[in-house]
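Structural description and commentary
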Amino acid sequence: MPSTRALRRLDLRRSPPVRPSPQAAAAKKEEASPRPPSSSSASSSSSSASAPPRHPAGLSAAAPRCGSAVRVYPLRDFPGTDAAALCGAFRDNVRWLLKQWGSAPGSGSAWHALLSDERTGAVVPIVAVEELAATSPAPLCDPCRCAGWSHHWVSKRKYHFIIPAAVDWDQPFRADALLGRSDHLLHGLIHSNGFGHLVTIHGCDGGSTFLSGCQIMDIWDQLCAALRVRAVSVVDLTQKHSVDLRLLLGVAKGETWFGRWGYCLAKGCFNVSASTYSAALEALAALPVDYLRSRHVRRVVSIYRRLSDKPLATVREFLCCLLDWKHCKAPLSPPSVKTFPRLTFLLPKSCVMKRLRQPCQRFEDVVDLLQCRWSKKRLLNAAEVVVDKLREHANGTKISRQAVRDAARGAIGDTGLLDFVIKSLNDTVVGNHIVRRVPDPKNRVLHFSLEEYDEPEPEPQLEPDLEPEPVELDSERTPHAVRWPSTSEVERDLRAVCRAMVEARSEAAQAVLDCKHWWKCWGLRDESDDQLRFLVEWRPQVREATELTRPMPPGDIVVVPLHASIGELLIEAEHALQETYCFFEGFQAESLDGIAGENWDPVMLGGAESGDTIGVHGHGADMETGLRCQGGTEAWDVQCVCGAQDDDGERMVACDACNVWHHTRCVGIADGAPVPPLFLCMSCGGALMAAGPILDEALTVPKVK
């Protein structure tokens, strides 16, 4: 057994050990400044903990009410120099950090600090709330269940890190008022074992005034790295202008928005594997733009090809062009030049200028400006019918309005719709034809005709060996230059391309959209200090193993000094399990696996290296508690037709005969439709139908003669 002196040293080492700092001597003189209790030298207090800087008057109203004791950190280097003191396990690091923040009077288990932006002078609060599983109304974690962590032990504490909405910055930060809300700019949840979830993030589009979405993610990522968080999951449902970013950025850039911070695919819903996801992305990215059926997309492709001078052959190239175009500024308009009846230009001999008698608009654009009782789809279909009849009956000549109406009357039953479309067709483009309408000079009767329409092509480049020759062009008949698209028009084109892409490759797009669960894993990092880090896993006894229905969760991180003994490592392992989980509150450790030697032998001589997994044996695990696993005591039997065998957070229904769960989408139940009162899966339903005649014969009462 370890000596009394070793146990006393161990008690002093409950908080995370600290690296020695050059400013340690100056920090010891400041008795009022907080520092982590440790056997090693204490670290200096953070320079960012000084009084808040003065801010411009325009932002003073946005700064939260705070006292002079509130900790202030730099916004772009959070948590500042305090990160040097956080080298233990997460459960110890988070307690030490919150001890530096202090607690506001009357706020319960809530701590808060300030993030100061030196560039703008804005001051942003960040609040931490500790939630105990024993007193929580929802001790189990639904995000853990959906992320595939149902087998994790239930943690005794959950820590919520919140950046409230700007309207709440002047209000007292109370734990009961912060939890249960969805309007926070940032809401991250981390269990005391180091596994957490990014619950909410709202950038400029979500109501943030001073922080963008990227800045909020930087704050969250820096906090997780400093506290030694082990893994964080997120459900990617981000949208911008009604477009799913995991589809748009996945096809255009090859990664989602969270991929910028190292998040990767954890698992796909509906049994979509990582290989299926990658193949779906490549199928959508390599889709030729010319294969898209949208008339709007085909029209704007030619415009962006002329403006960018690029082929834009695939959907990925076109989407990247549109995403870059949102940040491009329109060039300065050329100075006005006095026009003359005839101007002389130097053009190549092979250059052919396409001339239109007057500017034409596509009928689908004209429809957007019309106000009528018919839908856009009906108007476009009616216009196509009129053009087909013109092509069939006109034979390259003009026909009267009445003749057009009589020809299309059989295909369009609504005469009001037909008259409205005929009235609106005037120098408009429908498909590959231009509909011309001119009155007869004698009797003023309207006549219609068709002309072939070609999309404007980019002007050919002048070859070096091609000598130009002077060509005279009529300035009044020169086609107009392509107008520079605005930001709103680019966003409209992005939505149109995504819709057309989904229609062309619906299965691949659905596979990409079904991949919502992402995660980032930091793992066990071996620092360059005099500390040993191990993963400690509980080894159940035979009787206890028979009652466990789920796989064993990952081990917990234990940090001991380089000169620690095996007995001290055993006590640290026991302390880690007791302090972290409800299941091990009364656990007593007895021995270790994976390391050899007596309790007083140094760990370095036991054959285990830093980063190894050590098993711990003991007794006292509470097998009767309901707070054992995050997925609860009941084990769901998931056997869906899509191949899923675990809960993925999607809507499910259980068979009333075999109690096996299935996705409602996979069994033909729409997302908005209610679940039937009696549901039978395919196996049970088929067996019941097969047994129907036998049951009828068995239940039929024979007639008495």
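These numbers were taken from a predicted model, which means no experiment stands behind them.

Counting its regular elements, the protein contains 21 helices and 24 strands. Of all 705 residues assigned to the protein, the portion counted as buried reaches 45%. Taking the contacts inside the protein whose residues are at least 6 apart along the sequence as the reference set, 69% of them involve residues at least 24 apart. Accessible area of the protein: about 37100 Å², with a carbon and sulfur share of 53%.

Below, the discussion takes up the sheet that holds strand β22 (residues 613-619). On the basis of which strands lie adjacent, the open sheet formed by four strands has the order β20-β19-β22-β21 and mixed pairing. In this open sheet, the two edge strands, each paired with only one partner strand, are β20 (556-561) and β21 (588-593). Ignoring strand direction, the axes of neighbouring strands in this sheet form an average angle of 40°. Summarising the sheet, strand β19 (residues 531-538) and β20 pair through six bridges and their orientation is antiparallel. Counted as the bridge partner of Val-536 is Asp-556 from β20.

Running from amino to carboxyl end, helix α13 (residues 376-393) crosses helix α15 (residues 415-424) at an angle of 75°, the nearest separation of the two axes being 10 Å. Here α13 lies roughly perpendicular to α15, going by the angle between them. Along its contact with α13, which presents Arg-378, Leu-379, Ala-382, Ala-383 and Val-386, the element α15 presents Leu-417, Leu-418, Phe-420, Val-421 and Ile-422.

A grouping of Leu-562, Met-604 and Leu-605 is seen on the molecular surface, where their side chains present a nonpolar patch of about 320 Å² in accessible area. Mapped onto the fold, Leu-605 is located in the loop between β21 and β22.

To continue, consider the environment of His-152. Within the secondary structure, His-152 sits in the loop between α5 (142-146) and β4 (157-163). Accessibility expressed as a relative area gives 5% for His-152, which makes it buried. The spatial distance from the C-alpha of His-152 to the C-alpha of Pro-553 is 5.0 Å, given a sequence separation of 401 residues.

One finds Trp-101, Phe-161, Trp-220 and Phe-318 to be the most contacted residues of the largest nonpolar core, which totals 87 residues. A per-element tally of this core places helix α11 (residues 315-325) first, with eight residues. Residues within four places of Phe-318 in sequence aside, it is in contact with Val-289, Val-297, Val-300, Val-301, Tyr-304, Leu-312 and Val-497. With 29 residues, the next largest nonpolar core counts Leu-569, Leu-577, Phe-584 and Ala-621 among its residues.

Turning to the state of the cysteines, a few remarks are in order. Taken as a whole, this structure holds zero disulfides when the rule is applied. Free cysteine: Cys-320, not disulfide-bonded; nearest cysteine sulfur from Cys-321 at 8.9 Å. On the accessibility criterion, Cys-320 (18% relative accessible area) is buried.

The end-to-end C-alpha distance of α13 is 26 Å, a good match for the 26 Å that 18 residues give at a rise of 1.5 Å each. Buried within α13 we find Leu-379, Leu-380, Ala-382, Ala-383, Val-386, Val-387 and Leu-390. All buried residues of α13 lie within an arc of 165° about the axis, which places them on one face of the element.

Within β4, seven of the seven residues are buried, which leaves it mostly tucked inside the rest of the structure. Side chains Arg-157, Tyr-159, Phe-161 and Ile-163 project from β4 onto one buried face, and the interleaved Lys-158, His-160 and Ile-162 project onto a second face that is buried too. Here six bridges tie strand β3 (residues 123-132) to β4, and the two strands are oriented antiparallel to one another. Opposite Glu-131, over in β4, you have Lys-158 as the bridge partner. With six bridges joining them, β4 and strand β5 (residues 186-191) adopt antiparallel strand pairing. Residue Tyr-159 lies in a different strand from β5, and its bridge partner there is Ile-190.

Here the structure, examined in full by the defined rule, presents 26 salt bridges. Lys-158 is the partner of Glu-131 in a salt bridge, and the nearest nitrogen-oxygen pair spans 3.8 Å. Taken as a pair, Glu-131 in strand β3 and Lys-158 in strand β4 lie far apart in primary sequence, 27 residues in all. Connected via shared salt-bridge partners are Asp-142, Arg-145 and Asp-647.

Read from one edge to the other, the open sheet built from nine strands follows the order β1-β2-β3-β4-β5-β6-β7-β18-β10, with strand pairing classed as mixed. Each edge of the open sheet carries a strand with a single partner, namely β1 (72-74) and β10 (264-267). Direction aside, neighbouring strands of the sheet carry axes that sit 30° apart on average.

Looking at where Ser-192 falls in the secondary structure, it is placed in the loop between β5 and β6 (195-201). One polar contact links the side chain of Ser-192 to the main-chain carbonyl oxygen of Thr-580, over a distance of 3.3 Å. When neighbours within four sequence positions are excluded, Ser-192 is seen to be in contact with Phe-90, Arg-91, Ser-155, Lys-156, Arg-157, Tyr-159 and Thr-580.

Turning next to the pairing of β3. With eight of ten residues buried, β3 lies mostly within the body of the structure. Relative to β3, strand β2 (residues 110-116) is paired through seven bridges, and the arrangement is antiparallel. Bridging across to β3, Ala-113 finds its partner in Ile-126. The antiparallel pairing of β2 with β3 creates a hairpin that spans six residues between the two strands, and Gly-121 there sits at a positive phi of about 80°.

What follows deals with a negative patch on the surface. A contiguous patch of negative charge on the surface is contributed by Glu-547, Glu-585, Asp-622 and Glu-624. Tracing the backbone through its elements, the reader meets Glu-624 in the loop between β22 and β23 (652-654). The exposure class of Glu-624 is exposed, given its relative accessible area of 72%.

Before going further, it helps to spend a moment on the environment of Val-438. Of note, Val-438 is situated in strand β15 (residues 433-439). Placed eleven residues apart in sequence, Val-438 and Ser-449 show a C-alpha to C-alpha distance of 8.6 Å. Excluding its chain neighbours within four sequence positions, the residues that come into contact with Val-438 are Lys-398, Val-445, Leu-446 and His-447.

A word on the confidence of the model for the protein. Looking at the protein as a whole, the pLDDT averages 79, with 78% of positions reaching at least 70. Mean pLDDT values over the elements of the protein span from 29, in helix α3 (residues 57-60), up to 97, in strand β7 (residues 231-235). In the model, residues 1-68 has pLDDT below 50 throughout and makes 112 contacts with residues more than four positions away in sequence or in other chains. In this model, residues 334-358 is a region of pLDDT below 50 whose contacts with residues beyond four sequence positions or in other chains number 43 contacts.

Between the first and last C-alpha of helix α9 (residues 274-285) there are 17 Å, a value that for twelve residues agrees with the 16 Å anticipated at 1.5 Å per step. For α9, the full list of buried residues reads Tyr-277, Ala-280, Leu-281, Leu-284 and Ala-285. Angular distribution of buried residues about the axis of α9 spans 130°; they occupy a single face of the element. In the core, the buried residues of α9 are packed alongside α8 (245-253), β10, α11, α16 (487-504), α17 (506-513) and β18 (517-521).

Thresholds applied
- Residues numbered from 1 in each chain as written.
- Predicted model: local features only at pLDDT ≥ 70, side-chain atom pairs only at ≥ 80, totals over all residues.
- Heavy atoms only, no water.
- Helix = DSSP H or I, 4+ residues; strand = E, 2+ residues; numbered from the N terminus.
- Buried < 20%, exposed > 50% of the residue type's maximum accessible area, 1.4 Å probe, protein only.
- Contact = heavy atoms within 4.5 Å.
- Areas by Shrake-Rupley, 256 points an atom, 1.4 Å probe, with all protein chains shown as cover.
- Pairing = 2+ DSSP bridges.
- Axes fitted to C-alpha atoms, helices over the stretch in contact; angles between N-to-C directions.
- Parallel < 35°, antiparallel > 145°, perpendicular 65-115°, else oblique.
- Patch = residues over 30% accessible without salt bridge, like charges linked within 9 Å, V, L, I, M, F, W, Y side chains within 5 Å.
- Salt bridge = Lys/Arg side-chain N within 4 Å of Asp/Glu carboxyl O.
- Core = buried A, V, L, I, M, F, W, Y, C linked by side-chain atoms within 4.5 Å.
- Disulfide = S-S within 2.5 Å.
- Expected span 1.5 Å × (residues − 1).
- Arc of directions from axis to C-beta.
- Polar contact = N/O pair within 3.5 Å; in protein donor to acceptor, adjacent residues only side chain to side chain.
- Lys, Arg positive; Asp, Glu negative; His and termini not counted.
- Charge placed at Lys NZ, Arg CZ, Asp CG, Glu CD.
- pLDDT = per-residue confidence, 0-100.

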